[in-house]
Amino acid sequence: LSQKVIEGIKWAQKESLRHATIDTFAKKLWVTDRTKENYNKLKQAISVFFTLEQHRNKVDKRYDSFFASIKDAPVLLPENISILSWNYDCQLELAFAEYLQSNDLNHIQGVLNMFHKNTVYDQVPTKGFNVIKLNGTALLYNKADNAFINLFNTDNKDSILDRIAVFAKDSINIRNTLSFAWEQMSDAFQKRIIDSIKDATILVIIGYSFPYFNREIDKLIFNNLSNLKKVYIQDKSPDAIEESVRNLFTDYHRRVNNTVIEKKTNLNQFYLPPEL
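Throughout what follows, the structure given in this document is the object of discussion. (Residues numbered from 1 in each chain as written. Predicted model: local features only at pLDDT ≥ 70, side-chain atom pairs only at ≥ 80, totals over all residues. Heavy atoms only, no water.)

1. A word on the overall build of the protein chain
Link 1 in the chain: Within the protein chain one finds 11 helices and 9 strands.
Link 2 in the chain: Counting the 276 residues in the protein chain, one finds 47% classified as buried.
Link 3 in the chain: Once local pairs closer than 6 in sequence are excluded, the contacts in the protein chain between residues at least 24 apart make up 75%.
Link 4 in the chain: In the structure as shown, the protein chain presents an accessible area of about 14900 Å², 48% of it carried by carbon and sulfur atoms. (Helix = DSSP H or I, 4+ residues; strand = E, 2+ residues; numbered from the N terminus. Buried < 20%, exposed > 50% of the residue type's maximum accessible area, 1.4 Å probe, protein only. Contact = heavy atoms within 4.5 Å. Areas by Shrake-Rupley, 256 points an atom, 1.4 Å probe, with all protein chains shown as cover.)

As structure tokens, then:
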């Protein structure tokens, strides 16, 4: 890795210890950094860190169990599942790679019908299984090829480091696809979110704390869940999450649907509701 990239990671680590979360530090930079130089530097450091960690460590077993539970055919995924994720890692893609028997990250994301804030593809179906990553992905995107740079199609550590070095070399064609909640959302991406959730009757919330700086998108989501009948909260402290959920309920949830909340504290696997 170049000295510039290494220094960036060390700087991000130091600052993360001084703030409640790395997202808090990012929001602070968004507000105070007029040139956005340090803000983009932080997103770059986060992407490098996630890339290295996910290359070094195995995929969280819960993702493997999730796909094993919902997949009944070699390729087909259930059409009645939509995933909204605030995570900017690639755990879903890495876990699904073994089921798809493919190491092509762009192909994997295509089969998962995965959407990012800055990369919306009109040709991808709006119905069926899909994943919407609300914070984007801590990866690199090649504008010239209109595709993600595949950082995982190798078992060679040196090759991974060589690809990461692109960060410091090509600022014109290569850009970061990590995008926090307070950054601008296109009308096309907002429409994708609404189309994905508008018919949902069951919502499963897994390990999400509803931070205040995500409030606008959280409101958008609940305002368009007008058919919601039941909410499952899977968390080690579900009572605090329940209060946040009830604050987001609309009159449809409270009076029309009488939406029910059920709490789950077993965190060994991602909860799959019996209604599936």
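Read on, since the account is not over.
2. With respect to the sheet that holds strand β5 (residues 147-148)
Link 1 in the chain: Spatial strand order, β5-β4-β6: 3 strands in an open sheet with antiparallel pairing. With partners counted over all chains shown, the strands left at the sheet margins are β5 and β6 (174-178), one partner each.
Link 2 in the chain: Bridge analysis of strand β4 (residues 136-142) against β5 gives 2 bridges, and the strand direction is antiparallel. Opposite Asn142, over in β5, you have Ala147 as the bridge partner. (Pairing = 2+ DSSP bridges.)

3. With respect to the pairing of β4
Link 1 in the chain: The buried fraction of β4 is high, at 7 of 7 residues.
Link 2 in the chain: Hairpin geometry of β4 and β5 is characterised by an intervening segment of 4 residues between the two adjacent antiparallel strands and by a positive phi of about 55° at Asn146.

4. Description of the sheet that holds strand β3 (residues 130-133)
Link 1 in the chain: Read across the open sheet, the 3 strands follow the order β1-β3-β2; overall the sheet is parallel. On the outer flanks of this sheet lie β1 (82-85) and β2 (114-116), each paired with one strand and no other. Neighbour-to-neighbour, the strand axes of the sheet open up by a mean angle of 15°, direction not taken into account.
Link 2 in the chain: Alignment of β1 against β3, held across 4 bridges, turns out to be parallel. Bridged to Ser82 within β3 is Asn130.
Link 3 in the chain: Of the strands in this sheet, β1, β2 and β3 touch helix α8 (residues 187-197), which is tilted by about 135° from β3. (Axes fitted to C-alpha atoms, helices over the stretch in contact; angles between N-to-C directions.)

5. Here's the deal with the pairing of β3
Link 1 in the chain: Judged by which residues are buried, β3 turns out to be covered on both faces: Asn130 and Ile132 on one side and Val131 and Lys133 on the other are all buried.
Link 2 in the chain: Sheet topology places β2 next to β3; 3 bridges connect them, and they run parallel. The residue of β3 that forms the bridge with Met114 is Val131.

6. Some points on unusual backbone geometry
Link 1 in the chain: Although it is not a glycine, Lys36 sits at a positive phi angle of roughly 65°.
Link 2 in the chain: Within the secondary structure, Lys36 sits in the loop between α2 (22-32) and α3 (37-56).
Link 3 in the chain: By relative accessible area, Lys36 is classed as partly exposed at 22%.
Link 4 in the chain: Look at Asn113: it is not a glycine, yet its phi comes out positive at around 50°.

7. Considerations on the nonpolar core
Link 1 in the chain: Ranked by size, the top nonpolar core spans 26 residues in total, and within it Ile193, Ile205, Phe222, Val231 and Val245 carry the most contacts.
Link 2 in the chain: Where this core is concerned, the elements lending two or more residues are α8, β7 (202-206), α9 (215-223), β8 (230-234) and α10 (238-248).
Link 3 in the chain: Considering every element that reaches this core, the biggest residue donor is α9, with 4 residues.
Link 4 in the chain: Those residues within four positions of Phe222 in sequence are excluded, and the remaining contacts are Leu203, Ile205, Phe210, Leu228, Val245, Leu248, Phe249, Thr250 and His253.
Link 5 in the chain: Residues Tyr63, Phe67, Met114 and Phe270 belong to the second largest nonpolar core, which totals 18 residues. (Core = buried A, V, L, I, M, F, W, Y, C linked by side-chain atoms within 4.5 Å.)

8. Examining the packing of aromatic side chains
Link 1 in the chain: Counting across every chain of the model gives 17 aromatic pairs.
Link 2 in the chain: Measuring from centroid to centroid gives 5.6 Å for Trp11 and Phe25, while their planes differ by 65°, and the two rings are edge-to-face. Pair noted here: Trp11 is in helix α1 (residues 3-16) and Phe25 is in helix α2, with a separation of 14 residues, a long-range link.
Link 3 in the chain: Look at Trp30 and Tyr39: their rings are 5.1 Å apart centre to centre, the planes differ by 55°, and that puts the pair in the tilted class.
Link 4 in the chain: Owing to a relative accessible area of 29%, Trp30 belongs among the partly exposed residues under this scheme.
Link 5 in the chain: Overall, Tyr39 belongs to the buried group, its relative accessible area being 2%.
Link 6 in the chain: Joined through ring pairs, the aromatic side chains of Trp30, Tyr39, Phe49, Phe50, Tyr88, Phe180, Trp182 and Phe213 make up one cluster.
Link 7 in the chain: The aromatic ring of Trp30 is capped on one face by Lys36, whose charged end is 4.9 Å from the ring centroid. (Phe/Tyr/Trp six-rings, centres within 6.5 Å; stacked < 30°, edge-to-face > 60°. Lys NZ or Arg CZ within 6 Å of the ring centre and 35° of its normal.)

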